[in-house]
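Chain by chain, the residues run as shown.
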Amino acid sequence: MNKASMSYNTFVLFLCMVLLASCIGQTPVSAKRVIIRITFKVHILDGFATNAKPLLLSCRSNDDDLGKHTLWKDQEFRFKFNINIFKTTHFLCDFNWTTKKAANFSVFSDQTEVMTCKQTGNCFWKTQEDGIYFSDNSQNWEKKLGW
């Protein structure tokens, strides 16, 4: 085997290992950390205590309009997507509930949520009477916006 052939074979072997590592990174394993994740889900939950008024929601990115949605107590709107290689994936939503509003609220940005949601691949947002909360596991909530 000549040197050029060995270099090519080494390069192909390296590419195969990188591809395998990225596939393994997408597979959830209990104690393993995810290195690369390209697919994410955003969940938006109506966490209001009463069903008196629905949450009105409108979400979009630069590429997609996800439409308008009406959520009643305990209902959820969710969407799944792949991030782009240019790190410009960004989804915004308008939240309206009674007199409380949050316009152009960022629910996913390659700059923030790609890191905070990397382990689970899920970004959860829950509206409540006092604001909008975030979680990457739907168990531990952090208030991100007060109404």
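Further up the page is the structure itself.
Here goes a summary of the coordinates provided. These numbers were taken from a predicted model, which means no experiment stands behind them.

What follows is about the environment of L66. Within the element layout of this structure, L66 appears in strand β3 (residues 65-71). In this structure, the C-alpha to C-alpha distance between L66 and L92, residues 26 residues apart in sequence, is 10.0 Å. Excluding its chain neighbours within four sequence positions, the residues that come into contact with L66 are C59, R60, F77, F79 and F91.

In space, the four strands of this open sheet follow the order β3-β2-β5-β6, with antiparallel pairing throughout. Pairing within the sheet leaves two strands with one partner each, and these edge strands are β3 and β6 (100-109). Between one strand and the next, the sheet's axes are offset by a mean angle of 15°, whatever the strand orientation. Bridging between strand β5 (residues 90-97) and β6 involves seven bridges; their strand directions are antiparallel.

Now for the state of the cysteines. A complete count under the given rule lists two disulfides for this structure. Linked covalently through their sulfurs, C117 and C123 form a disulfide whose S-S length is 2.0 Å. Between C117 and C123 the sulfur-sulfur dihedral comes to about 130°; the bridge is accordingly right-handed. In terms of burial, C117 and C123 fall into one category: buried. Along the protein chain, the cysteines that take part in disulfide bonds pair up as 1-2, 3-4, counted in sequence order.

This part is about the layout of surface pockets. The space that makes up the largest pocket amounts to roughly 260 Å³. Forming the boundary of the largest pocket are 13 residues, of which R37, I83, K87, D110 and V114 lie nearest the centre. A class-by-class count of the residues in the lining of the largest pocket yields eight nonpolar, one polar and four charged. Surrounding the second largest pocket, 15 residues form its lining, S61, D63, D64, T89 and F91 being those nearest its centre. Broken down by secondary-structure element, the contributors of at least two residues to the lining of the second largest pocket are β4 (76-82) and β5. If you tally residues by element for the lining of the second largest pocket, the top one is β4, at four residues. Per-class residue counts for the lining of the second largest pocket are five nonpolar, seven polar and three charged.

About the thresholds
Residues numbered from 1 in each chain as written. Predicted model: local features only at pLDDT ≥ 70, side-chain atom pairs only at ≥ 80, totals over all residues. Heavy atoms only, no water. Helix = DSSP H or I, 4+ residues; strand = E, 2+ residues; numbered from the N terminus. Contact = heavy atoms within 4.5 Å. Pairing = 2+ DSSP bridges. Axes fitted to C-alpha atoms, helices over the stretch in contact; angles between N-to-C directions. Disulfide = S-S within 2.5 Å. Buried < 20%, exposed > 50% of the residue type's maximum accessible area, 1.4 Å probe, protein only. 1 Å grid on protein atoms, 1.4 Å probe; cavity = no way out; pocket = protein on both sides within 12 Å on 5 of 7 lines; lining within 4 Å. Points joined across faces, edges and corners; volume = space filled by probe spheres on them. Nonpolar A, V, L, I, M, F, W, Y, C, P; charged D, E, K, R; others polar.

From the geometry alone we can't say anything about function, so treat these as descriptive.
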